[in-house]
Amino acid sequence: MEPLALPTGDEVVRGWWALPLGCLLPLSSGETYRLHFPGRSGGSAGPDVRDAVFYRVPDRAGALCEAAPATSIQTNLLVM
């Protein structure tokens, strides 16, 4: 069995832009955030996405986000 190939940066970015508004993003910490605004492109200098807006939700009521198969999106959230 061959190891699962990691997605390219372009695949991760396409997966991010394909996420529906309002879907839930479960974090490895156990917390869940709702995607309110996916942000805007960071341009060629990066980062890939800027100014995304999330809301923390107390439970997992609702639909989880579905990205492209075999695509993992890691997010770093600044919680205010």
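Residues numbered from 1 in each chain as written. Predicted model: local features only at pLDDT ≥ 70, side-chain atom pairs only at ≥ 80, totals over all residues. Heavy atoms only, no water.

Student: A description of the overall build of the protein should follow, citing residues and the corresponding values.
Tutor: For the protein, the count of helices and strands is 1 helix and 5 strands. When the helices and strands of the protein are placed in sequence order, the string is α-β-β-β-β-β. In the protein, which comprises 80 residues, the share counted as buried stands at 19%. In the protein, once contacts between residues fewer than 6 apart in sequence are set aside, the share between residues at least 24 apart is 44%. A total of about 6,000 Å² of accessible surface is found on the protein, and carbon and sulfur atoms cover 56% of it. (Helix = DSSP H or I, 4+ residues; strand = E, 2+ residues; numbered from the N terminus. Buried < 20%, exposed > 50% of the residue type's maximum accessible area, 1.4 Å probe, protein only. Contact = heavy atoms within 4.5 Å. Areas by Shrake-Rupley, 256 points an atom, 1.4 Å probe, with all protein chains shown as cover.)

Student: Please give an account of the pattern of salt bridges that cites residues and values.
Tutor: Applying the stated criterion across every chain, the model contains 2 salt bridges. One salt bridge connects glutamate 31 with arginine 56, and the closest N-O pair in it is separated by 2.8 Å. With glutamate 31 in the loop between strand E1 (24–26) and strand E2 (32–37) and arginine 56 in strand E5 (residues 53–57), this pair connects stretches of sequence that are 25 residues apart. Residue arginine 56 is classed as exposed on the basis of its relative accessible area of 51%. (Salt bridge = Lys/Arg side-chain N within 4 Å of Asp/Glu carboxyl O.)

Student: Let's hear about the sheet that holds E5: which residues, and what values?
Tutor: What the 3 strands build is an open sheet, ordered E1-E2-E5; its pairing is antiparallel. Of all strands in the sheet, those with a lone pairing partner are E1 and E5, marking the two edges. Neighbour to neighbour, the strand axes of the sheet diverge by 35° on average, direction disregarded. (Pairing = 2+ DSSP bridges. Axes fitted to C-alpha atoms, helices over the stretch in contact; angles between N-to-C directions.)

Student: I'd like a description of a nonpolar patch on the surface, backed by residues and values.
Tutor: A cluster of nonpolar residues, Phe37, Val53 and Tyr55, forms a patch on the protein surface that exposes about 260 Å² of accessible area. Among the secondary structure elements, valine 53 is positioned in strand E5. (Patch = residues over 30% accessible without salt bridge, like charges linked within 9 Å, V, L, I, M, F, W, Y side chains within 5 Å.)

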